[in-house]
2 protein chains.
Amino acid sequence: MPKKAPPGPRDERGVLSARILAAAREQFAQHGWAGTTIRAIARAADVDPALVYHYFGSKEALLDAATDPPPRWLESVAATWATPSHELGAALLRLMLGAWRDDEIGAVLRAVLLTAAHDETTREKLRRVVESSLMGVAQLGADESDRRTRSGLISSQIMGLAMMRFVWRIEPVASMSDDEIVAAVAPNLQRYIDGTLS
Amino acid sequence: MPKKAPPGPRDERGVLSARILAAAREQFAQHGWAGTTIRAIARAADVDPALVYHYFGSKEALLDAATDPPPRWLESVAATWATPSHELGAALLRLMLGAWRDDEIGAVLRAVLLTAAHDETTREKLRRVVESSLMGVAQLGADESDRRTRSGLISSQIMGLAMMRFVWRIEPVASMSDDEIVAAVAPNLQRYIDGTLS
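All values reported here derive from a predicted model rather than from experimental measurement.

Conventions adopted
Residues numbered from 1 in each chain as written. Chains lettered and ligands numbered in written order. Predicted model: local features only at pLDDT ≥ 70, side-chain atom pairs only at ≥ 80, totals over all residues. Heavy atoms only, no water. UniProt positions renumbered as here; feature names shortened; annotations may be inferred. Helix = DSSP H or I, 4+ residues; strand = E, 2+ residues; numbered from the N terminus. Core = buried A, V, L, I, M, F, W, Y, C linked by side-chain atoms within 4.5 Å. Buried < 20%, exposed > 50% of the residue type's maximum accessible area, 1.4 Å probe, protein only. Contact = heavy atoms within 4.5 Å. Salt bridge = Lys/Arg side-chain N within 4 Å of Asp/Glu carboxyl O. Buried area = accessible area lost by both parts, 1.4 Å probe. Polar contact = N/O pair within 3.5 Å; in protein donor to acceptor, adjacent residues only side chain to side chain. Nonpolar A, V, L, I, M, F, W, Y, C, P; charged D, E, K, R; others polar.

Considerations on the UniProt feature "DNA-binding region" (unreviewed entry) in chain A
UniProt records the feature "DNA-binding region" (unreviewed entry) for residues 37-56 of chain A in the present numbering. Counted over residues 37-56 of chain A, helix gives 80% and strand 0%. Its end C-alpha atoms are 13 Å apart.

Pasting the structure below:
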C-alpha cells in the first residue's frame, strides 16, 4: 500500500497558492488589470510579494492562472450537454446561476468578465469559454457557422444577465428568484437554440 | 442684432474641456477607474494636469462629467418611444447599434459599462440610463413593477449584446451586419416587451 505523501512544503504550497489565486481574482475583478499590483495581491493574501513571483512568475501568468475555469466547472458544463434539446435553455440558465453562486467558479467568472475588456489573454479565454461551453451540444445549429452564431447569441443573453444581476447589480434583475429568471429568460435562450433566426 | 461672443478664453475652454472629456472616456474605458490617473488623462489630451483639476475639480467629478449621456442620446431615446409597440424590439436594437457607432455616444457608453462594475456613482448612472431609456414607453408593462422587470430584461439582452459585439469583440457577433443582428435578436426583445414572462 503506497504511503501518503507527508504534510510539508508541498501541502503548504497548495494552500498558499490557492490563497494567492483567490486574492488575485478578487483584486483583478475589483480594480481591473491596470489597477492591480502583485504587491496588493500579496497583501490581500497575507504573503510576501516575492512568494507570488516565485509561484507564478509574473502578473500576466498570475491573471492567467487566476482565470482558468476550475475542472468542476468544465464537468458541470459537459453534464448540461446531455439535456434534451427542448429543455436546454432552462438548463444553461440554471448552470450559469449556480456557477455564479459557487465561491470559486463565481470568482473566476467575475474576474474573467471584468478583465476581458482590457487584457487580450483574458479576452481569448472568454472566447474559449463561450465556444467550449456549447461545443458539446450535438443538436446546436445546422452547420458549424450556424452553431457559432447561436452560441454567440446565447452567450450575449447569458452574460448580459450575469452583468446585470451579479456585477452591476441592477434591480429588479439582481433580486429576482432563480425560478422567476428561468421563467422569464429560458424561452428566449430556447429560441437561440432551436428557433428561426433570419 | 446681438454681437457674437468674441473668440477667447470661453471658446478655448469649450474646446479644451471637450478634449479632456474625450481623453477621460478613453482612459477610463481602457484602464478602469482604479487604473486611470488625472496625469494620464492630461497627457492624452495634451494639456497640463493643473488645467484638468481647474476645470473638473477631481477624478470623481471628471468621471461623472465624462459619463454623462449627451443630450443627442436622450433625444434619440425619446424619439424611439414613439415606435408602435410591436416594432419596439427592432427599434431599440437599431438605437443601440447606432449609438455605439457614434463617436461621442459610443465612447460614453463604453466608459459607463467599463467603470460601472467598480464605481458606485457610475453604477447609479447606468441604473438611471436603464430606467430612463424605457420610462417613456407608455405600453411597457401592466404596472410599475412589471415595467421595471421588462425594462431590466430588455437591458440584459441589449447590454450583453453590446459587450459581446463592441467591448469583448467575440465573433461572429462582432462582425454580423446590423440587419442580421436585428433579425436574430429583435424577436427576443419583443417577447420582453409584450410577451408572457411567467
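There's more to say after this.
Re the nonpolar core
Grouped together as the largest cluster of nonpolar side chains are 94 residues, with contacts concentrated most on A:Trp168 and B:Trp168. If we ignore the near neighbours within four places in the chain, the residues touching A:Trp168 are A:Met163, B:Leu113, B:Ala116, B:Ala117, B:Arg123, B:Leu126, B:Arg127, B:Met159 and B:Met163.

Thoughts on the pattern of salt bridges
Residues and elements named next belong to chain B. Using the criterion set out here, one finds 22 salt bridges over all chains in the structure. A salt bridge links glutamate 104 to arginine 72; the shortest N-O distance between them is 3.1 Å. Note that glutamate 104 is positioned in helix 7 (residues 103-115) and arginine 72 in helix 5 (residues 71-80), a separation of 32 residues in sequence. Assessed through its relative accessible area of 41%, arginine 72 is described here as partly exposed. Across the pair glutamate 120 and arginine 123 runs a salt bridge whose closest N-O atoms are separated by 3.3 Å. Here glutamate 120 and its partner arginine 123 are both found in helix 8 (residues 120-134), three residues apart, which amounts to about one turn of the helix. Through salt bridges with shared partners, one network takes in Glu120, Arg123, Glu124 and Arg127.

Points about the interface of chain B and chain A
Taken together, the contact between chain B and chain A spans 44 residues of the former and 44 residues of the latter. Summing both partners gives a buried area of about 3700 Å² for chain B against chain A, and 62% of it is carried by carbon and sulfur. Of all residues in chain B, B:His118, B:Trp168 and B:Asn188 give up the largest surface area on contact with chain A, accounting jointly for 17% of the area buried on that side. Our count for the chain B to chain A interface comes out at zero salt bridges. On inspection of chain B and its partner chain A, the count reaches 15 residue pairs in polar contact (both at pLDDT 80 or more). Listing elements by their share of the side of chain B that touches chain A, those giving two or more residues are helix 1 (9-31), helix 7, helix 8, helix 9 (144-167) and helix 10 (178-194) of chain B. Here the side of chain B that touches chain A gets 13 residues from one element, more than from any other, and that element is helix 9 of chain B. Its residues assigned to classes, the side of chain B that touches chain A shows 25 nonpolar, 13 polar and six charged.

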